[in-house]
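One-letter residues, chain by chain:
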Amino acid sequence: MLSLFLEPRLLPNRLLSLCSLFTILKNPSSFQFKSRAVRNMSSDSAQRMFQLKLDPLTGNSEWVVIEENQTPEEKTKEPLLATTSYLDMLNDSHRNRAFRQAIDKTITKPCHVLDIGAGTGLLSMMAARAMGLDDSSTSYCPKGKVTACESYLPMVKLMRKVLRANGMDKKVRVINKRSDELEVGIDMSSRADVLVSEILDSELLGEGLIPTLQHAHDNLLVENPQTVPYRATTYGQLVESPYLRKLHDLINNEAKALDGIYLVPNGVHSILQIKEQQFAMHCDAMKEEFKLLSEPFKVFDFEFWKRPESNRKTEVCIKATNDGGCFNLTMKEQFFIVLDQNGLVINPNHSSPVWEIGVTTGNSAFGSYQRKLKQKVSPMCIVVDDSLFLPIAIASLSKSAHVIALFPGLREKGTHYLQAVASSNLYSMDRLEVLRTRNQQLTMEDTHQTKVGLFVGEPFYYGNENVLPWRNLRFWKERTMLDSVLSKDVLIVPCKGILRACAMSLPDFWRSHRCLQEIEGFDHSVANSTLGACGDLPADEEGPCLPFPIWQCGESKRLSDTVSIMEFDFLKPISSCAGTAQVEFTESGICHGFVLWIDWMMDSSTELSTGPDKRYWKQAVKLLNKPVAAGSQGLTLADCSSIEIKASFDPSSGDLNIKYVFF
């Protein structure tokens, strides 16, 4: 029997932070610029939206004004909200139907409805229709009103478009504020009788649900309000998974490496700033790699119509049903939401169960390359990115090399870490320096009047999560900017990148990213462009490439062999390049698109693949406008037998243009 004490207040942003799985500075996403951020400035006459745009090749960022009446050419090439989860939710017909049924049962007379985190306004429009406020009704409801609260300006702009398209712009009052900034008497004429909201993520509490509900009950809602959802219950389950333990257990993995390099010697945990993290993942993709150790057990019940407690503990006694080891109490979590008092239930994870785990970076590609590297270590070496492994490895392999680490994201934190592990790795800090300030171009003064003989990085471990594979070509840009300090025979690692692709059947990914039409009677087609919808596009349009780990895409099947489209030669300065490849179908099935990735060549014979069969990286998914029946000759009667893919790289922007033709 195992007893757990669970406290939602003490576990910020997550309910079941039970698996102590670590992200260390080696993957410093917390110190990188996010690829996008948006803010707004208001004036008496207009409201402008500013998008923080990151140059993937330099790391520089700038605020770009996004005007409401911009032409397609003036707007950013990538849809503003393409990497968010809005499209997935809106394509979930089970979710939408359940909310509509619950709202229809809950709102049976004119009242004041508050929608917190209104998104596209779908729940607000459902509430207005339930009160008879839609344009199809001729009756006037003096007491019926809907207040939609949304803090994210791009979504506010999109909501207003959706409301106009459905004749609801006069029926729903939109407020561009956080709900805890709303004031009755200023933003709202009175307290609301009904709360409708879906500020829920896959862990239930990840979007600040408890403080949001507390403020709403204290300041915005009547006593004993009606709410949709009505209740939620979280469940957990103990599991055993040696695979997952290996993914996060850096200390034991290092003990087995036998390479003489110590990333986590005793006493450096405070410098590493190890912190607990967990990620929502589809457990179906790993069902063969874990064993259930208990039956599902209830953890918490949440009543949305009541003010939630700030400090609440639950003791859970779990009976083991199987032998095994549950490292750090890793949990398989799922939750169900009761949307109304009659017991209408929605399971947000009905099509994709979520498993909370922690992930760290995979083993460094240089583990198998060290022997070759040891023979070529130069007196002057540059580590161009935030890799912590490489400076230590080079300093350990050569007692004469001088290593300059640029650490564009880590900065001082990287310096402190290298100092902390120096004695364990038998190097002194006088041979290893981190540049405190960095101009766009290094000079011979920065390299102590010595040409650089080794230029190295780990671009495949780039910190940003939502970036396409070719954004990692910043490594190539850095190599070009430092060309003047490189020796003629400089060793550059990796020396080449190869863009590769294969055709895929991705039915689940297609369903969640296809174009929106009517959702429970409300037209959402105006949202497709902003949300980056990819499937079911008109013939003259193409959707964006989306960064996504294929092994987490749900059902998938390869329909072709891997093809090489083009190469990026890092031995030469960055330049435009292009390539073409014919993808021949080798399996029959429905082709929904193709997957692209970059394989990195360490030298002529050592290759690191980041393809769809690898779990450490995201690939780029390019969905077709329409799915096609694919197959090779003799296998099936197919719409096509191959796809020609053309790609061109623009070094000035870092963009990769992808075109395809069926045959």
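About the cut-offs
Residues numbered from 1 in each chain as written. Predicted model: local features only at pLDDT ≥ 70, side-chain atom pairs only at ≥ 80, totals over all residues. Heavy atoms only, no water. Helix = DSSP H or I, 4+ residues; strand = E, 2+ residues; numbered from the N terminus. Buried < 20%, exposed > 50% of the residue type's maximum accessible area, 1.4 Å probe, protein only. Pairing = 2+ DSSP bridges. Axes fitted to C-alpha atoms, helices over the stretch in contact; angles between N-to-C directions. Contact = heavy atoms within 4.5 Å. Core = buried A, V, L, I, M, F, W, Y, C linked by side-chain atoms within 4.5 Å.

Per an unreviewed UniProt entry, the chain goes by Protein arginine N-methyltransferase 1.6 isoform X2 and derives from Coffea arabica.

Draft legend 1. Examining unusual backbone geometry more closely. Cis geometry is found at the peptide bond from Val228 to Pro229, where omega equals 10°. With respect to the element layout, Pro229 can be found in the loop between strand S10 (221–228) and strand S11 (231–236). A cis amide bond links Val493 to the next residue, Pro494, at an omega of 0°. The topology assignment puts Pro494 in the loop between strand S25 (486–493) and strand S26 (496–505). Even without glycine at this site, Leu426 takes up a positive phi of about 60°. For Leu426, a relative accessible area of 65% puts it in the exposed group.

Draft legend 2. Structural context of the sheet that holds strand S9 (residues 192–197). Taken in spatial order, the five strands of this open sheet run S8-S7-S6-S9-S10, and their pairing is parallel. The open sheet is flanked by strand S8 (172–175) and S10, the only strands paired with a single partner. Within this sheet the neighbouring strands show an average axis-to-axis angle of 25°, counted without direction. Where S9 meets S10, four bridges bridge the pair, whose relative direction is parallel. Its bridge partner lying in S10, Leu195 is registered against Thr227. Docked against the sheet, helix H2 (residues 93–106) engages S9 and S10, running at close to 140° with respect to S10. Contacts from helix H5 (residues 209–220) reach strand S6 (112–116), S9 and S10, with the element oriented near 135° to S10.

Draft legend 3. Structural detail: the nonpolar core. With 85 residues, the main nonpolar core has Trp470, Leu499 and Phe568 as its most contacted residues. Examining the composition of this core, we find that seven residues originate from one element, helix H10 (residues 389–397), more than from any other. Ala102, Leu122, Val146 and Val174 belong to the second-largest nonpolar core, a separate cluster that totals 42 residues.

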